[in-house]
Every structure is written in structure tokens, then in C-alpha cells.
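As a plain string of letters, each chain reads:
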Amino acid sequence: MRSTAMGQYRSVQHNLSKASSRVDRLYLQATTGEKFRVASDNPSAVGTVLSSRSGITMQERHMENIATAQDRMDSADSYLGSAENVMQRLTEITTAALNGSASQADLTTYANEVATLKEQLLDVANAQVDGKYLFAGFNDQIVPFSGDPVVYGGTTDSKWIESGPGETVQSNLTGDVLFIAPVDVFGEIDALEAALLTGDSAVLDEKLATLEQAAEQIRSQRGILGSNNARLDDSLVLLEDAQLQLQSTLSRYEDADLPQVVSEMAQAEQALEAALAVSSRIASLSLLDYL
Amino acid sequence: MAGLISALYIGQTGLMVSQKGLEVTGNNVTNAGTEGYSRQTLEVSAAPSLEYNGTMVGLGATVSGIGRQGAAFVSSQLVSKSAAYGEQDAMAEPLAEIERILSVTDTSLAGEIDAFFEAWQSLSTDPASTVVRQQVLQAGDALADQFNQMEQELGQVEESINIGIEGEIGGLNQQLEQLADLNVRILSTEASGQTANGLRDERDLLVQQISETIGIQTYESSNGMISAQLTSGLTLVEGGSANLLGAQRVDGAVLLSLDMGSAQASLGLEDLGGRIGGLMSVRDGTIQTVRSQLDQLAYGLATQVNTVHGGGLDAEGNSGSDFFTVVGPTDPAAELWSGAAASLSLALTSGSQLAAGASSATGDNTNVLALVALQNENLIDGSTLNEFYSRVAAQLGLAVEQNSYDLETSEDALVQAQSLRDALAGVSVDEEVLLMTQYQSGYEAAAKYVSVVAEMLDILMGIGD
């Protein structure tokens, strides 16, 4: 085959531009640390990358959901702790009043304390966090317990939050199941106060049992809240694990493997160098030099 | 006496031939870098002999012609390879631009869809918050904006393709007329017995350029004229006449037609190749597919969000109005979603219009939860919104990958054909230098011969002294 200078220049130029564009691409990967910048870099990875990224965003969101819910649940739990203290003190008072040695004056003092305790319990039932009533169901901006006798003005709705994809957890307790039904706690306290004032020991005796039921009612609801809270702890651990998993998947597709890039770069640079060296020798040998 | 004089003439032909040879070589060497130049060769033959006293005596050498190193096979290869290369090369730029629009980075449409649902998630923990409600509206607005912007940018790519095609047509028509003109000039030059080497080189190059622009096939008739046709067989140039292309804007898009004298043929994708064919296939194929898919996505998003939103009550207790607005197509035959990406906009104006719950109670987040669930539901063609977008972006990624592979292959093939042409018809300087020395020594020999004959004449003239 005849060789012509033009042909040599053309093919050297073609190969030179191929070699230098390969080096350019590797430089870009090395400096950005990314090997997936546009879809054509790896079309089959587009789905995985976008869904991983979406998954990470949503996991972060779910973690925040859980944190917000747990803040409220922790507050609710500590309020219910003081409600239990109130109930315990009421039981103590009733037991002491039933003890024959208490005079009517003592009973009246007890009655006053019971009235104070009722106010305390009412404060608990109307507890607010961040301007929202904890035990009011969906009507969380209206005082749930008010009036004499105390009635519940909230709703019976559970507030669910999403703690994972398609996974919801109840984050609240409503006032009715805590304080109204089946045992009307405030009604019972009113009855206790009346019995103390009249010194009616038969009623007091009866109240001792119902107070225990009321305390149990609050305790069991608190237990439900606690187990929901624990479930959220578990979800959080799962989310963190899943997030690590997704991040490593994402990194596998997105991040350039630097040692590999650097070694490919060295290879490509060598090829380019060779191509450059050849270019400088084109037409250096000519018959003209020998004539 | 007469013998010596004719011997002088014989010497002269030697000088002439060498001199002509040097001219041809000089022309070759100086055109070594000229695109499309074919090496020319000196064709020498012995001059017809004459009978002289019963013997046949030669009368020297004569230049019978200046030949052109032909490469007919490679020339036709170059025409088809140029068309393939032109097509892939023209597609590369708009495809890269569409790929940028269908981004897969954090700021892609998929990211905006995530951000939209994230805002709703945020609302689920605090449904009455005016701040969060505002955030949801903003996220919805940003998402609609992103759709509008992508649609607009696709339109811009489409428009730059239109401008590109219009630009190509002007130059192409000129080249077609040039080709017809060259046909006539080559015919008349060769009919008068001369060679038309330079014109043929020019024509070969022109055919190659036309093919790169629009993709043609050519036939050379026995009279040396070339006829050029589109790949579908429509005639562009026949002998000395050229059919010119016209470009009209119909609904903003440039449509091409071929003026065939008596009739106008409108040209579709199947008629076109080369750069124009490549640009057209991106404009009428890729962009329309992507656009329709974006429309489908925008429409699916808007209708599903509106349906769920309409199932709840807003802060004032009214049932939820549409969250997004999409303007339906005016053409009743068009798909329902046609134009949705361009027209998608936020319909709500105030955060209190968000239907967060089944009731208007401040803590009711039931409807928010239903809306959040849409993110993982298969809303379009059995895919979630995000998966659908991934599919669109991945499809385009594959097209870009295919194009860059095809571009590389067609460029390699073109370079190879060009090298083959160089090998067959190009100028090798070394070869020419060698010929130069050959002609030089031929000239020296002929000159020496003439001086010997002259000396002999001198001797003859001196006899009488």
C-alpha cells in the first residue's frame, strides 16, 4: 500500500484526538471523583441511582418524623408519669381516710388535697407541647378537658405518622381512653371528694376499687405509648442500616474508583505520549534528505 | 542533412517530455495537501515512426495525456461513509443537550419529585403549621416549574435543530447547483478531447460533502455525468439540472420539500440521511418521545395528586380543590396528557387551602398520609413517578451511548476510507521526488543528445572551409 504524507497526518490526527479525549475523560473523573454524571455514563444504573437517592431522602425524612413523634411521645410519657403519681396519692388518701382514726376535720383536709390533685390531673390532661394539646386527638388546638363536671372536647382520632415506606405508627393517646372511658377519672375524683366531705366510708371503700381501675386505665395506655415508642426505636435502627446500605450502593455507581482511575489515567497518558512522539516524527524521513 | 535536423527534433521531444513530466510532478507536489486532489500521471508514448530509405525510424517521444489516478470504488465508499458519519455527528450535540435536560444529578426532576413528597411528609407531623403548609406549596410550585423549564429547554433544542437545518439547506442548494454545473463543464471539456482532472476532483469532493449533509447515492453515466439521488431514490441532480430543496416553517417546525419542476415532493425522515437526517431524527423522534413521556409524567402526577387532595378537607372545612392545574390539549385526537408538562402549574394560592385531613381539625393528617403514599404507588404504566422518570432518562442514556459508539465507528470507517483513497490516489512526496530526478536525468540525457547532434552539424558545416 502506498503511503502518503496526507494519509499519515490524517490517521495520526485521528488517533491523537482519540487518545487525548480518553485522557480528558479520565481527568474529569479523577478531579470530580464522579463516574456517573450523565445517564449515558451507565444507562443501566440510572434506575438504581435515582431510587437510591430517593430512598435516602425519604429515610432521612422518616428519621425526622420519628424524632418529632418521639419528642411528643416522651413528653406524653412524662406527663402520664405524673398522672400516675396523682392516682397513687389519691389511693393513699382514700386508704388513710378509711382508716378509722381519721377525724372529719382530717377528711376535710384530705378533700381539699383531692381537689388540688384533680386540678393537677386536669393540667396533665390538658398538657401542651409546641402549642398543641397532647391528648386532644385531632382537635389539638382546643382545650380538651374543661367544665364542671369535666368533659372531653377532643376527638377520638389516632395520629399516625409514617415511620418507613408504607409503615405507620400511632404517635398519640387520646384523652377519652385515658381519662373518660370506661372509667370517668375526673367524675370518680369528684365523687371521692364528696364522699370525703360527708365521711361516707361505704362510698370511700367503693372508690378505692374504682381508683385502682382508673390508675390501671392510665397505666395501660401509657404502656401502649411506650411500646409504640420502642417500635420507633427499632424502626430508627433499621432505617440507619438501610441508609448505609443505600449510600454504599449509590457510591458504587456514582463514585469513581480512584486507584483504578489513576492507573487507567497512567495508561491513557502513556498512549497519548506515544501518539505525540509519533506525530513529531511524521515526515522526518524523506528522500529529499538523501539527494 | 535532413537526418541530422530530424535528429534535432527527436532531441527536442525528449526535452519536452521531461519538462512536461516535471510540470506534472510539480503540480502533484504542490497539491500534496489539497483535499480531494488525485495524483496526476504523465502518459508518454513513442511518436509514430516514419519510413526513411526503407527503414522505419522513430521520431522520439510524445506526451499522449495527463492521467488521473482513479479510485472509483473508494469514491463511492467515501460517499456512503460520509453520510453515515454526518448523521451520527449531527445527532451528538442535540442528544447531549437533551441528556443534560434529563439530568440524573441531585437537581434532577426525580430530586424535585422527592422534595415534593418530602414536604408532604413534613406536613404529616405538623398538619396545622402555616410554615410547613407554605413549604408544601413552594415544593409544588418548584416541581411544576421544573416540568415547565424542561419542556421549554426541549423546545429550545428543537428550535436550534430547526435553525441548523435551515442553515444546511442554503449551502446544500448551492452545492447541488455547483454539481450540475460541474457535470456540464466536465462533459464539454472531455468532449473537446481534453482531460478534466481538476474538475473531477472537485466534483468527487463536492459529492462527498453533499452526502455528508443529506445522504445521497450517485451514478456516473457513460457520458461522464453524475446523477445524485436521495437514499429514497428522489433525484437531486440529473445531468446539468439540479432539483433544489425548500424549507418551510409549519407550526414552528422546519419541513423540507424537493422542487422537482412539475411537482413538489415533501421530504420525510425516510428520505433523508447525513447531517440533516440526523438532526431530523432527533427532532421528530427522540425529542417527541421524551416530550410525550414528560407530559405523561406531569399529567399522572397532577391528576393523582388532585384526586387525593380532593378527597380531604382544607383548613376552612371545604373539600380540597385541585392542587395542580393542567391545561388539556385543544386537539381532540391528541393524548389526554399532551402538553401537560408545559402547562403544569400550582393551582392553590394559600396554605390554608391544603386539604390535610379528612376533617378540618388542626391535628388531622389522614389525607396527608394518603398523599404521601402516592410516592410509592405505581401511578404510570406500572411504575412509580420516580421509576418512570428513571426509565425516560435511562432510555435517553442508551440512545446517547449508542450514538457515541456509532459516531466513533463511522468516523473510523470514514478515516479508513480516506486513507485508502490516499493510498490509491494521494500524492506521495517521496515518489514524486524520485520522478523528479528521473525527469531531470531524462532532460540531461536529451540535452546531451541535442548538443552532440549540434556538434555533428557544426562538423558538417565546416567541411567546406
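Above this text you will find the structure in question.
Each chain has its residues counted from 1, running along the sequence as written. Note on labels: chains are lettered from A, ligands numbered from 1, in written order. A pLDDT threshold of at least 70 governs which residues receive local features in this predicted model, and a stricter bar of 80 or more applies before side-chain atom pairs are shown or counted, although totals over entire chains, interfaces and linings include all residues. The side-chain values count all of the structure's non-hydrogen atoms but skip hydrogen atoms and water molecules.

**Here we look at the overall build of chain B**
The helix and strand inventory of chain B stands at ten helices and 13 strands. Exposure categories follow from relative accessible area, calculated using a 1.4 Å probe and restricted to protein chains: below 20% of the type maximum is buried, above 50% is exposed, and the middle band is partly exposed. In chain B, buried positions account for 47% of the 465 residues. Throughout, a contact is declared for two residues whenever any of their heavy atoms are within 4.5 Å. Excluding contacts between residues fewer than 6 apart, the proportion of contacts in chain B whose partners are at least 24 apart in sequence is 69%. Approximately 20700 Å² of chain B is accessible, and the part contributed by carbon and sulfur atoms is 53%. Only runs of H or I of at least four residues qualify as helices and only runs of E of at least two qualify as strands under DSSP, and these elements are numbered from the N terminus. Residue-level accessible areas treat just the shown protein chains as cover; the underlying method is Shrake-Rupley with a 1.4 Å probe.

**A few points about the overall build of chain A**
Helix and strand counts for chain A stand at seven helices and six strands. Secondary structure elements of chain A occur, N-terminal to C-terminal, as α-α-α-β-β-β-β-β-β-α-α-α-α. Computed over the C-alpha atoms, the radius of gyration of chain A is 38 Å, more than 25% above the 19 Å expected from 2.2 N^0.38 for a compact globule of 291 residues. Across the 291 residues of chain A, 42% fall into the buried class. All radius of gyration figures rest on C-alpha atoms, and the globule criterion is 2.2 Å times the number of residues raised to 0.38.

**Points about the interface of chain B and chain A**
Taken together, the contact between chain B and chain A spans 59 residues of the former and 43 residues of the latter. Summing both sides of the interface, chain B and chain A together bury roughly 4200 Å²; the carbon and sulfur share of this comes to 56%. Salt bridge, as applied in this entry: a Lys or Arg side-chain nitrogen positioned within 4 Å of an Asp or Glu carboxyl oxygen. Taken together, chain B and chain A are joined by seven salt bridges. The salt bridge involving Glu 408 of chain B is made with Lys 18 of chain A; its shortest N-O contact spans 4.0 Å. Each polar contact in these results corresponds to two N or O atoms within 3.5 Å; when the atoms are within protein, one needs to be able to donate a hydrogen and the other to accept it, and residues that are neighboring in sequence are counted only if both atoms are side-chain atoms. Inspection of the region where chain B meets chain A yields 27 residue pairs in polar contact (both at pLDDT 80 or more). Breaking the side of chain B that touches chain A down by element, the ones donating at least two residues are helix 3 (109-125), helix 8 (366-373), helix 9 (385-425) and helix 10 (429-462) of chain B. Tallying contributions element by element places helix 9 of chain B first for the side of chain B that touches chain A, with 20 residues. Buried area: the sum, over both parts, of the accessible surface (1.4 Å probe) that disappears when the two are put together.

**Comments concerning empty space enclosed by the protein**
A cavity here means a set of 1 Å grid points, computed over protein atoms only, where a 1.4 Å probe fits but cannot escape. A pocket is an open set with protein on both sides within 12 Å along at least 5 of 7 lines, and lining residues have an atom within 4 Å of a point. Grid points are joined across faces, edges and corners, and a volume is the space filled by probe spheres set on the points. Throughout the structure, instances matching the rule amount to two cavities of 30 Å³ or more. Here the largest cavity is characterised by a volume of approximately 120 Å³. As for the largest cavity, its lining consists of Arg 72, Ala 76, Val 129, Lys 132, Tyr 133, Leu 134, Phe 135, Lys 159, Ser 171, Asn 172, Leu 173 and Leu 225 of chain A. Of all the elements in the fold, those that place two or more residues in the lining of the largest cavity are helix 2 (46-98) and strand 2 (132-133) of chain A. Of the voids in this model, the second largest cavity is the one considered here, and its volume is about 40 Å³. Arg 72, Lys 159, Ile 161 and Ser 171 of chain A together with Ser 124, Thr 125, Pro 127, Gly 363 and Asn 365 of chain B together form the lining of the second largest cavity. Its residues assigned to classes, the lining of the second largest cavity comprises two nonpolar, five polar and two charged. Side-chain classes follow a simple rule in which Ala, Val, Leu, Ile, Met, Phe, Trp, Tyr, Cys and Pro form the nonpolar group, Asp, Glu, Lys and Arg form the charged group, and the remainder, Gly included, forms the polar group.

**Considering the sheet that holds strand 6 (residues 226-230) of chain B**
Residue and element names in this part refer to chain B. Paired strands, as defined in this entry, are two strands with at least two bridges between them according to DSSP. As summarised here, the arrangement of the four strands in space is 5-6-7-8, forming an open sheet in which the pairing is antiparallel. Both edges of this open sheet fall to strand 5 (216-220) and strand 8 (241-242), since each of them pairs with a single strand only. Alignment of strand 7 (residues 235-238) against strand 8, held across two bridges, turns out to be antiparallel. Pairing of Val 237 across the sheet is with Ala 242, part of strand 8. Note on geometry: axes are C-alpha line fits, over the in-contact stretch for helices, and angles between N-to-C directions span 0 to 180 degrees. Packed on one face of the sheet, helix 5 (residues 197-214) meets strand 5, strand 6 and strand 7 and runs near 155 degrees to strand 5.

**As for the packing of helix 2 of chain A against helix 9 of chain B**
For the pair helix 2 of chain A and helix 9 of chain B, the least separation of the axes is 8 Å and the interaxial angle reads 145 degrees. As for the relative orientation of helix 2 of chain A and helix 9 of chain B, their crossing is right-handed in sense. Contacts between helix 2 of chain A and helix 9 of chain B pair Val 46, Gly 47, Leu 50 and Ser 54 of chain A from the former with Asn 386, Tyr 389, Ser 390, Ala 393 and Ala 394 of chain B from the latter. Considered class by class, the residues forming the contact of helix 2 of chain A with helix 9 of chain B number five nonpolar, four polar and no charged. Helix crossings get a hand from a simple test, with the near helix turned counterclockwise from the far one by less than a right angle marking a left-handed crossing and a clockwise turn marking a right-handed one.

**Section: the environment of Leu 176 of chain B**
Residue and element names in this part refer to chain B. Relative to the elements of secondary structure, Leu 176 occurs in helix 4 (residues 130-191). The exposure class assigned to Leu 176 is buried, which follows from its relative accessible area of 0%. Separated by 177 residues in the primary sequence, Leu 176 and Gln 353 place their C-alpha atoms 65 Å from one another. Those residues in contact with Leu 176 that sit more than four places away from it in its chain are Ile 210, Leu 236, Val 237, Ala 242, Asn 243, Leu 244 and Leu 245.

**As for the sheet that holds strand 11 (residues 264-267) of chain B**
Residues and elements named next belong to chain B. Ordered in space as 9-10-11, the three strands form an open sheet in which the pairing is antiparallel. Edge strands, defined here as strands with exactly one partner in the open sheet, are strand 9 (245-250) and strand 11. This sheet shows a mean twist of 35 degrees between the axes of neighbouring strands, independent of strand direction. Relative to strand 11, strand 10 (residues 253-259) runs antiparallel, the two sharing four bridges. Each residue of the ladder has a partner; that of Ser 257, found in strand 11, is Ser 266. Here helix 4 sits on the sheet and contacts strand 9 and strand 10; the angle it forms with strand 9, its principal contact strand, is near 160 degrees.

**Details of the pairing of strand 10 of chain B**
Residue and element names in this part refer to chain B. In terms of residue burial, strand 10 counts as a mostly covered element, since five of its seven residues are buried. Linking strand 9 to strand 10, which pair antiparallel, is a turn of two residues; within it Asp 251 sits at a positive phi near 50 degrees. Counting the residues that bridge the hairpin from strand 10 to strand 11 gives four residues, and of these Gly 261 lies at a positive phi of roughly 75 degrees.

**Topic: a nonpolar patch on the surface**
Together, Met 1 of chain A together with Phe 73, Leu 420 and Leu 424 of chain B make up a nonpolar patch on the protein surface, roughly 470 Å² of accessible area in all. Here Met 1 of chain A shows up in the segment before helix 1 (5-32). Each patch is built from residues that are more than 30% exposed by relative accessible area and take part in no salt bridge. Like charges join if they lie within 9 Å; nonpolar side chains (Val, Leu, Ile, Met, Phe, Trp, Tyr) join within 5 Å.

**Looking at the side chain of Gln 293 of chain B**
Tracing the backbone through its elements, the reader meets Gln 293 of chain B in helix 6 (residues 274-310). Residues contacting Gln 293 of chain B, with those up to four places away along its chain left out, are Phe 388, Val 392 and Gln 395 of chain B.

**Brief notes about the environment of Ser 108 of chain B**
Within the secondary structure layout, Ser 108 of chain B lies in the loop between helix 2 (72-101) and helix 3. Note on Ser 108 of chain B: relative accessible area 2%, which makes it buried. A sequence separation of 282 residues divides Ser 108 of chain B from Ser 390 of chain B, and the C-alpha atoms of the two residues are 10 Å apart. If we skip the residues at most four places from it in the chain, Ser 108 of chain B touches Leu 50 of chain A together with Ser 103, Gln 146 and Tyr 389 of chain B.

**Points about the packing of helix 6 of chain B against helix 8 of chain B**
Residues and elements named next belong to chain B. Closest axis-to-axis distance for the helix 6/helix 8 pair is 9 Å, and the angle between their directions is 160 degrees. Taken together, the axes of helix 6 and helix 8 lie roughly antiparallel to each other. Considering only the axes of helix 6 and helix 8, their crossing is right-handed. Residues Val 305, Val 308 and His 309 of helix 6 form the contact with helix 8, whose participating residues are Asn 367, Ala 370 and Leu 371. Of the residues belonging to the contact of helix 6 with helix 8, the class tally is four nonpolar, two polar and no charged. Working definition: roughly parallel below 35 degrees, roughly antiparallel above 145 degrees, roughly perpendicular at 65 to 115 degrees, and oblique for all remaining angles.

**Let's talk about the side chain of Gln 208 of chain B**
Residues and elements named next belong to chain B. Of note, Gln 208 is situated in helix 5. The class for Gln 208 is buried, based on a relative accessible area of 13%. Beyond its immediate chain neighbours, meaning those up to four positions away, Gln 208 contacts Leu 78, Ser 82 and Gln 418.

**Observations concerning helix 3 of chain B**
What a helix should span is 1.5 Å times the count of its residues minus one. With 17 residues, helix 3 of chain B extends 25 Å from end C-alpha to end C-alpha; this agrees with the ideal 24 Å at 1.5 Å per step. Counting buried residues in helix 3 of chain B gives 13 out of 17 residues, a clear majority hidden from the surface.

**With respect to helix 6 (residues 201-254) of chain A**
For helix 6 of chain A, with 54 residues, the first-to-last C-alpha span of 78 Å sits near the 80 Å given by 1.5 Å per residue. Residue Asp 200 of chain A occupies the N-cap position of helix 6 of chain A, its side-chain oxygen lying 3.2 Å from the main-chain nitrogen of Ala 202 of chain A.

**Details of the nonpolar core**
Residues and elements named next belong to chain B. Here the nonpolar core consists of buried residues drawn from Ala, Val, Leu, Ile, Met, Phe, Trp, Tyr and Cys, with membership extended through side-chain atoms lying within 4.5 Å. Ranked by internal contacts, the top residues of the largest apolar core, which has 100 residues, are Trp 120, Phe 147, Ile 214, Phe 323 and Phe 324. Here the element with the most residues in this core is helix 4; it accounts for 19 residues. In this structure, Ile 214 is in contact with Leu 172, Leu 230, Leu 236, Leu 245, Leu 272, Gly 273, Gly 274, Arg 275 and Ile 276, ignoring residues within four places of it in sequence.

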